[in-house]
Amino acid sequence: MLHRGGFVSISQRHSKKNGFFFELRAFFRTFAGEMKIRSIILKILLPLVLGAAILYWMYRGEDWQQIRHVMTDEMDWTWMLLSFPFGILAQLFRGWRWRQTLEPVGERPRISTSIHSIFLSYAASLLIPRVGEFTRCGVLNRYDGVSFPKALGTVVTERAIDSLLVMGITAIVLLLEMSTFGMFFHKTGTNLHSILHGFSWAGYLVVAVCAVAILILLHFLLRKLSIYNKVRATLSGIWQGVVSLKDVRNIPLFVCFTLGIWVSYFLHYYLTFFCFDFTADLGFGCALVTFIVGSIAVIVPTPNGAGPWHFAVKTMLILYGVQDEHALYFVLIVHTVQTMLVILLGVYAWLALNFTEVRVALSEDSFSSRAEPQSALSESQSNNNY
């Protein structure tokens, strides 16, 4: 083919065309790689920035010498030390329960490995929120040969049970502490009784119609958004996790482990009330309310709930009559000390795993995969003999 005074072969044309596509594919691969790196950076940086921004907003202008004085002179560290065993026990219960959840799917990891994986997972989540769920599955896969997908599937079951338990406790707390929320409305000048009496029957009808219209509009809007599918998938996963409980052996023991986890978490938090004079007399109800509110706040993906947990618990403590500065001291000191405990447990687990012997669990699939080459080898040998 003649092309500006010369001939260009078909192969040259194809090479140029292929070269263009190669360059285009390389560009997209590079772009995808950069996007993946950016996504990873955002997953790490955004939670850190969000938590740091909330903490800076809460503690800007605070006297740090006064906080130090509270920790060294006014705080009773005995109660803080007494709370540590319950923080450790909560993670032990979680490791024992997870091992029990893995049994129906044919996996039997060592108890020590299960517990160390839990310790390490909480420490890993301080760096990247929610990465701990994958970390503990990876630990069992590496050291005990547990199937990673199976381990990850059991995490859904655990989270389903924990979510249902927290929702149930939240509903009970709301019913028991209605007087507290009534006091909140009274202090803010909000009188629900007067608001309701200000409406006529026509007003109620208009409000009802508007509410239905808003719900219908939200329904169609959510169907267009990806969050709708995410919420639906989450609810479906929770239901599947609950249904899978029928395969767990010794249900009473599973229930005891679950209750042990949350009772230990609560005591780990509640005992810290007695470290300070301004929270020692608040009572069990206040501790339970702030514990539930804090448990909900940590859903926001920041390292160990830093920022959202501080703000939520501090707000509820003020509602119970604690001074603003004292509430700030409490949430900062308690969260920091308990986070240090999580780090120490993670370091201990990492060191212990370095001295743990790797055990490859031979499942039925691994037996069959190993049997096939052996059978093929024996057949080839018999054929050679003939």
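Above this note sits the structure.
Residues numbered from 1 in each chain as written. Predicted model: local features only at pLDDT ≥ 70, side-chain atom pairs only at ≥ 80, totals over all residues. Heavy atoms only, no water.

A look at the packing of aromatic side chains
When we look at a pair of aromatic rings, we describe it by the centre distance and by the angle of the planes.
Consideration 1: For the structure on display, the rule yields 22 aromatic pairs.
Consideration 2: When the centroid spacing of 6.2 Å and the interplanar angle of 45 degrees are considered together, the rings of Phe93 and Phe257 count as tilted. Of this pair, Phe93 sits in helix α3 (residues 77-102) while Phe257 sits in helix α11 (residues 251-270); the two residues are 164 residues apart in sequence, bridging distant segments of the chain. Per residue, the accessibility class of Phe93 equals that of Phe257, and both read buried.
Consideration 3: Aromatic pair Tyr270 and Phe284: ring centres 5.9 Å apart, planes at 80 degrees, arrangement edge-to-face. One end of the pair, Tyr270, is in helix α11; the other, Phe284, is in helix α12 (residues 284-297), with 14 residues separating them in the sequence.
Consideration 4: Geometry around Trp98 places Arg136 over its ring, the cationic atom sitting 4.5 Å from the centre.
Consideration 5: Between Arg142 and the ring centre of Tyr143, over which it is positioned, the NZ or CZ distance is 5.4 Å. (Phe/Tyr/Trp six-rings, centres within 6.5 Å; stacked < 30°, edge-to-face > 60°. Helix = DSSP H or I, 4+ residues; strand = E, 2+ residues; numbered from the N terminus. Buried < 20%, exposed > 50% of the residue type's maximum accessible area, 1.4 Å probe, protein only. Lys NZ or Arg CZ within 6 Å of the ring centre and 35° of its normal.)

What to know about unusual backbone geometry
Both trends apply: most residues other than glycine have a negative phi, and most peptide bonds are in trans.
Consideration 1: Non-glycine residue Asn250 carries a positive phi angle of around 55 degrees.
Consideration 2: Structurally, Asn250 can be placed in the loop between α10 (226-243) and α11.
Consideration 3: Since its relative accessible area comes to 45%, Asn250 is described here as partly exposed.
Consideration 4: In this model, Asn304 sits at a positive phi of 60 degrees, which is unusual for a non-glycine residue.

Some words on the side chain of Gln91
Consideration 1: Among the secondary structure elements, Gln91 is positioned in helix α3.
Consideration 2: With relative accessibility at 5%, the residue Gln91 sits in the buried group.
Consideration 3: Leaving out residues up to four positions away in the same chain, Gln91 has contacts with Ile118, Phe119, Tyr122, Val342 and Leu345. (Contact = heavy atoms within 4.5 Å.)

Here's the deal with the nonpolar core
A general feature of soluble globular proteins is that nonpolar side chains tend to end up buried together.
Consideration 1: Core analysis: the biggest nonpolar cluster contains 42 residues, and Phe276, Leu317 and Phe330 have the highest contact counts within it.
Consideration 2: Sorting the residues of this core by element identifies α1 (10-59), α2 (64-74), α3, α6 (148-176), α11, α12, α13 (308-319) and α14 (324-354) as the ones contributing at least two each.
Consideration 3: The biggest single contributor to this core is α14, with 9 residues.
Consideration 4: Leave out the neighbours within four places in its chain, and Phe330 touches Tyr269, Thr272, Phe273, Phe276, Phe278, Thr279, Val313 and Leu317.
Consideration 5: Core analysis: the second largest hydrophobic core is formed by 9 residues, Ile115, Phe119, Ala349 and Leu353 among them. (Core = buried A, V, L, I, M, F, W, Y, C linked by side-chain atoms within 4.5 Å.)

Considerations on the pattern of salt bridges
Consideration 1: Per the counting criterion, the structure on display carries 11 salt bridges.
Consideration 2: In this structure, Glu103 and Arg99 form a salt bridge, with 3.7 Å as the shortest nitrogen-oxygen distance.
Consideration 3: The exposure class of Glu103 is buried, given its relative accessible area of 18%.
Consideration 4: Residue classification places Arg99 among the partly exposed positions, given a relative accessible area of 21%.
Consideration 5: Its salt-bridge partner being Glu133, residue Arg136 comes within 2.9 Å of it at the nearest N-O pair. In this pair, Arg136 and Glu133 both sit in helix α5 (residues 132-144), 3 residues apart, roughly one turn of the helix. (Salt bridge = Lys/Arg side-chain N within 4 Å of Asp/Glu carboxyl O.)

Examining α3
Consideration 1: Here α3 spans 39 Å end to end across 26 residues, near enough to the 38 Å set by a 1.5 Å rise per residue.
Consideration 2: Capping of α3 at its N-terminal end is provided by Asp76; its side-chain oxygen lies 3.1 Å from the backbone amide nitrogen of Thr78. (Expected span 1.5 Å × (residues − 1). Polar contact = N/O pair within 3.5 Å; in protein donor to acceptor, adjacent residues only side chain to side chain.)

Re a negative patch on the surface
Consideration 1: Taken together, the side chains of Asp73, Glu74, Asp76, Asp277 and Asp281 present a region of like negative charge at the surface.
Consideration 2: Tracing the backbone through its elements, the reader meets Asp73 in helix α2.
Consideration 3: Using a relative accessible area of 55% as the deciding quantity, one classes Asp73 as exposed. (Patch = residues over 30% accessible without salt bridge, like charges linked within 9 Å, V, L, I, M, F, W, Y side chains within 5 Å. Areas by Shrake-Rupley, 256 points an atom, 1.4 Å probe, with all protein chains shown as cover. Lys, Arg positive; Asp, Glu negative; His and termini not counted. Charge placed at Lys NZ, Arg CZ, Asp CG, Glu CD.)

Focus on the packing of α6 against α12
Consideration 1: Two elements in contact, α6 and α12, have axes whose closest approach is 10 Å; the angle formed by their N-to-C orientations is 140 degrees. Considered as vectors, α6 and α12 are oriented oblique to each other. The handedness of the crossing between α6 and α12 comes out as left-handed. The residues of α12 that touch α6, namely those facing Ile169, Thr170 and Val173, are Leu288, Val289, Ile292 and Ile296.
Consideration 2: Looking at the contact of α6 with α12 residue by residue, the class counts come to 6 nonpolar, 1 polar and no charged. (Axes fitted to C-alpha atoms, helices over the stretch in contact; angles between N-to-C directions. Parallel < 35°, antiparallel > 145°, perpendicular 65-115°, else oblique. Left-handed = near helix turned anticlockwise from the far one by under 90°. Nonpolar A, V, L, I, M, F, W, Y, C, P; charged D, E, K, R; others polar.)

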